[in-house]
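Chain residues, written in single-letter form:
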Amino acid sequence: MIQPARSRSASRSDFVRIRGLRYHLRRWGDPTRPLLFLGHGWLDVSATFQDLVQPLLDHCQVLAPDWRGFGHTQWPADGYWFQDYVADLDALVAHYAPEGAVWLVGHSMGAQIMSLYAGLRPERVGKLVCLDGLFLPDMPAQLAPRRLLRWLDTWPGKNPERSYPSFEFLAERIRVQHPQLSSARALFIARCWAAEDGHGRIRLLADPKHRLDMPSLYRAAESEAVWQNVTAPTLFVDGGQSQFVHAIPPAETERRRACFRDRRELRIAGAGHMLHFDAPEVTGRAIAGFLAQP
């Protein structure tokens, strides 16, 4: 069981069969409390949210899946289609909460997954939190021929697993991208992202196929049509220093968020895109305050 440098309420692992894959989830908190699903972003894993979840545990239990092909969840053979993540969440909610509403929190890619589910199953979602998400730029139709041809030419591709000599080496690589992290915090993240390979090195737990472009395009209008059906109160939490906030024009951000009929926004000063790296406790308290509101 992965734990950070300081002792906090630790997670426990669940493994369930979901849509033909062996899915791994982390559980924190009292199982009699309301259920909150927490979704990580691209190339991340559930374990890195250890500190963020601590302020939430007075309000709920937290169940955080490793999405397909990440962490300790099985890798599919045929690549990654975004709709499968939403279908996986649908199956997970049905498995763990056959009735009633749940709370959803998603970071980055996880925010996209959670928000689409909230529009497709509005009766199953009590509250929704999007952490530095819904900023993916629209892809014009003119890109389709090139993307499809590239996919035909490269799939399944030869993208080898990445390996490193030690967790400490990977931690220093992480600090290059996230220099604000302490050595101890970066080492914790490295141990979340990787595992020993049995040959004296460590390997990332993300399927290398995630780095291959799939042929489908992201069309924002399709997401907006789904978001217009979201009824849950929604909180948008942005990193004050996030580069992703600038991926689309402010007017585009406003148009997307206007789809959510009951919404509020806040910004965490000094934090980048990885809110749970840069300001986990502050972000967790912001989410907890939102959950506590009637």
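Residues numbered from 1 in each chain as written. Predicted model: local features only at pLDDT ≥ 70, side-chain atom pairs only at ≥ 80, totals over all residues. Heavy atoms only, no water.

Asks: Where do I start with the nonpolar core in this structure?
Replies: One recurring pattern in soluble globular proteins: nonpolar side chains tend to sit buried together. In this structure, F37 and W67 are the most contacted members of the largest nonpolar core, which totals 42 residues. Those elements that place two or more of their residues in this core are strand 1 (12-18), strand 2 (21-28), strand 3 (35-39), helix 2 (82-96), strand 5 (102-107), helix 3 (109-120), strand 6 (125-131) and helix 7 (220-227). It is helix 3 that provides the largest number of residues to this core, a total of seven residues. Core analysis: the next-biggest nonpolar cluster, separate from the first, contains 25 residues, V62, V237, A271 and I287 among them. (Core = buried A, V, L, I, M, F, W, Y, C linked by side-chain atoms within 4.5 Å. Buried < 20%, exposed > 50% of the residue type's maximum accessible area, 1.4 Å probe, protein only. Helix = DSSP H or I, 4+ residues; strand = E, 2+ residues; numbered from the N terminus.)

Asks: Is there a simple way to explain the sheet that holds strand 7 (residues 163-164) in this structure?
Replies: Hydrogen bonding along the main chain pairs the strands of a sheet, whether they run parallel or antiparallel. Strands sit in the order 7-9-8 across an open sheet of three strands; the sheet is antiparallel. On the outer flanks of this sheet lie strand 7 and strand 8 (194-196), each paired with one strand and no other. Pairing of strand 7 with strand 9 (residues 202-204), which is carried by two bridges, proceeds in the antiparallel orientation. Bridge pairing links S163 to R203 in strand 9. Taken strand by strand, helix 5 (residues 167-177) contacts strand 7, strand 8 and strand 9, and its axis lies near 165° from that of strand 8. Contacting strand 8 and strand 9, helix 6 (residues 183-193) crosses the sheet at an angle of about 70° to strand 8. (Pairing = 2+ DSSP bridges. Contact = heavy atoms within 4.5 Å. Axes fitted to C-alpha atoms, helices over the stretch in contact; angles between N-to-C directions.)

Asks: So what exactly am I meant to see when it comes to the confidence of the model for the protein chain here?
Replies: Do not read the predicted coordinates in detail wherever pLDDT is low. Mean pLDDT over the protein chain works out to 94, with 96% of the residues at or above the 70 mark. In the model, residues 1-7 has pLDDT below 50 throughout and makes 16 contacts with residues more than four positions away in sequence or in other chains. (pLDDT = per-residue confidence, 0-100.)

Asks: I tried to follow the pattern of salt bridges on my own but got confused; where do I start?
Replies: Side chains that carry opposite charge are capable of pairing whenever their charged atoms lie near each other. Scanning the entire structure with this criterion turns up 18 salt bridges. Linking D90 and R121 is a salt bridge whose minimum nitrogen-to-oxygen distance equals 2.9 Å. Of the two residues, D90 is situated in helix 2 and R121 in the loop between helix 3 and strand 6; the sequence distance between them amounts to 31 residues. The exposure class of D90 is partly exposed, given its relative accessible area of 24%. A salt bridge links R150 to D213, with the nearest nitrogen and oxygen atoms 2.8 Å apart. In this pair, R150 is assigned in helix 4 (residues 144-154) and D213 in the loop between strand 9 and helix 7, connecting sequence segments 63 residues apart. Judged by relative accessible area, R150 falls into the partly exposed class, the value being 38%. The class of D213 is partly exposed, set by a relative accessible area of 40%. Sharing partners across several salt bridges, the network here consists of R19, R68, D84 and D88. (Salt bridge = Lys/Arg side-chain N within 4 Å of Asp/Glu carboxyl O.)

Asks: Explanation requested: the environment of A288 in the structure shown.
Replies: Structurally, A288 can be placed in helix 10 (residues 280-292). For the pair A288 and F277, spaced eleven residues apart in sequence, the C-alpha to C-alpha distance is 18 Å. With near-sequence residues (within four places) excluded, A288 lies in contact with P55, L56 and H59.

Asks: Would you explain the side chain of H273 in this entry?
Replies: Inspection of the secondary structure puts H273 in the loop between strand 11 (263-268) and helix 9 (275-278). Ignoring anything within four residues of it in the chain, the contact list for H273 reads H107, S108, D132, S242, Q243 and F244.

Asks: Quick question: what am I supposed to make of the pairing of strand 4 (residues 61-65) here?
Replies: Regular strands have side chains that alternate between both faces of the sheet. Across the five residues of strand 4, five count as buried, placing the element largely inside the fold. Side chains Q61, L63 and P65 project from strand 4 onto one buried face, and the interleaved V62 and A64 project onto a second face that is buried too. Bridge count for strand 2 against strand 4 is four bridges, and the pairing is antiparallel. In the strand pairing of strand 4, R26 is matched with A64. As paired strands, strand 3 and strand 4 are joined by three bridges and run parallel to one another. Across the sheet, L35 pairs through a bridge with Q61, a residue of strand 4.

Asks: Got a minute to help me understand unusual backbone geometry in this structure?
Replies: Leave glycine aside and you will find that most residues have negative phi; peptide bonds, for their part, are mostly trans. Look at L43: it is not a glycine, yet its phi comes out positive at around 65°. Position of L43 among the secondary structure elements: in the loop between strand 3 and helix 1 (50-53). Not every positive phi belongs to a glycine, and D132 is a case in point at roughly 45°. Relative to the helices and strands, D132 is located in the loop between strand 6 and helix 4.

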